[in-house]
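# Topology and contacts: notes
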Amino acid sequence: EGYCQSNLCFTYYPTATVSVSPTGTLVTEDGTPAASVSIRSISVGSQIDAIGLGSTSSAGALTLDATAAAVRLQSTPIWGTLNAGAAAGSATLNLLSMGATDLPASAFNFAGTGTASANDAVAASYLVNTGAIDESGTAAGTLLRVDGLPAAFGSAPPDFDATAVTPGISTPADLVVEWSNGSGTTSALTPPYNSTSLALDLTGATTAEVVTGPQVTPLTGTPTISIATGTQFAVGNATNGISVVSTASGFASELTSVLVGSTAVFRVVAVGTYDASTNTFTASRVDVALE
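Values in this document were obtained by computation on a predicted structure and should not be read as measured data. (Residues numbered from 1 in each chain as written. Predicted model: local features only at pLDDT ≥ 70, side-chain atom pairs only at ≥ 80, totals over all residues. Heavy atoms only, no water.)

### Digging into the overall build of the chain
A count of helical and extended segments in the chain gives one helix and 21 strands. The dimensions of the chain, computed from C-alpha atoms along their principal axes, are 70 × 55 × 30 Å. For the chain, buried positions account for 34% of its 291 residues. For the chain, the accessible surface area stands at approximately 14700 Å², while carbon and sulfur atoms represent 54% of it. Each charge class in the chain can be summarised by its mean position, and for the 5 positive and 20 negative side chains these summaries are 6 Å apart. (Helix = DSSP H or I, 4+ residues; strand = E, 2+ residues; numbered from the N terminus. Buried < 20%, exposed > 50% of the residue type's maximum accessible area, 1.4 Å probe, protein only. Areas by Shrake-Rupley, 256 points an atom, 1.4 Å probe, with all protein chains shown as cover. Lys, Arg positive; Asp, Glu negative; His and termini not counted. Charge placed at Lys NZ, Arg CZ, Asp CG, Glu CD.)

See the structure below:
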């Protein structure tokens, strides 16, 4: 798969082999002296930009020769749930994913990451150096996004050096509720509609979940969508047109005029943050797709 813009073409490869050299490959990392970075700084899970000479085999496999070129280490996001016993300066995660595309931890082979085979990184107990960030007061099981860099290859533990730690509850999430039964539902949102919050009725929903990074949380009960601070709202469909408004009050008015009795809703999607303890999704954007 690929596409071109002007005279530049881009092709997606799900896997590729990148060749590096201890003497010929320039490895850089933002904010780090060049003398402190080498090809060993590239480890399992590292997110990189690589420059080199590419070739594709007859089977479609990509090889990039960067032995006389460059590799730039980028800040890498990882997601995991906190194991018990976090302390100041360190945290152990049940690693869920690595990288900007949330590749599952099961996709990585951590062999050779430790100073000895017994010290190789383990996804179920992935040790993070949090430095001045103290997670000792965070409850076990809490979903965390951690930004930083994997430890240099062959130097773990710790397995990862963090520059930022963010609780999942504070990171952008997507709410998706869908009634894909062929006719939608006329009771997706409970009236009357106001500029503060919306009540979701999940009766008959075929999909009802909140997606935060790699974690999918099923929705149950009667979730609330808080819209008071939202700035992007839409309701409608491609056949009859879509109304777009930028205020919660305008959205409430639009829902009142559109969702009249027999009007069926196919999908409700929202972007924001989710608090499972109160079953409340605080939305910056809400889209209501009509059947």
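### Brief notes about helix α1 (residues 248-258)
Count 3.6 residues to each turn of an α-helix, and residues three or four apart come out pointing the same way. Considered for burial, the residues of α1 that qualify are Ala248, Phe251, Ala252, Glu254 and Leu255. An end-on view of α1 places all buried positions within 160° of arc, on one side of the element. Looking at the buried positions of α1, the neighbouring elements they touch are β14 (197-199), β18 (232-237), β19 (241-245) and β21 (280-290). (Arc of directions from axis to C-beta. Contact = heavy atoms within 4.5 Å.)

### Structural notes on the state of the cysteines
On inspection of all chains with the given rule, the structure shows one disulfide. One disulfide bridge connects Cys4 with Cys9, the sulfur atoms lying 1.9 Å from each other. Sign of the S-S torsion, about 100° for the bond between Cys4 and Cys9, identifies this disulfide as right-handed. The exposure class assigned to Cys4 is partly exposed, which follows from its relative accessible area of 48%. (Disulfide = S-S within 2.5 Å.)

### Some remarks on the packing of aromatic side chains
All told, the structure shown has four aromatic pairs when counted by the stated rule. Ring geometry for Phe110 and Tyr126: centres 5.9 Å apart, planes at 50°, overall tilted. Residue Phe110 is located in the loop between β9 (103-104) and β10 (126-134), and its partner Tyr126 is located in strand β10; the two are separated by 16 residues in the primary sequence. The two residues Phe110 and Tyr126 agree in class, both being buried. A ring pair is formed by Phe233 and Phe251, whose centres lie 4.7 Å apart and whose planes are at 15°; its orientation type is stacked. On the criterion of sequence distance, the pair formed by Phe233 in strand β18 and Phe251 in helix α1 is long-range, its members being 18 residues apart. Given a relative accessible area of 1%, Phe233 falls into the buried group. By the ring-pair criterion, three or more aromatic residues cluster together here, those being Phe108, Phe110, Tyr126 and Phe160. (Phe/Tyr/Trp six-rings, centres within 6.5 Å; stacked < 30°, edge-to-face > 60°.)

### Some remarks on the side chain of Glu254
Within the element layout of this structure, Glu254 appears in helix α1. Notably, Glu254 is buried but unbridged: the nearest opposite-charge side chain belongs to Arg285, and the N-O separation is 15 Å. Leaving out residues up to four positions away in the same chain, Glu254 has contacts with Val235 and Ser243. (Salt bridge = Lys/Arg side-chain N within 4 Å of Asp/Glu carboxyl O.)

No statement about biological role is implied by the geometric values presented.
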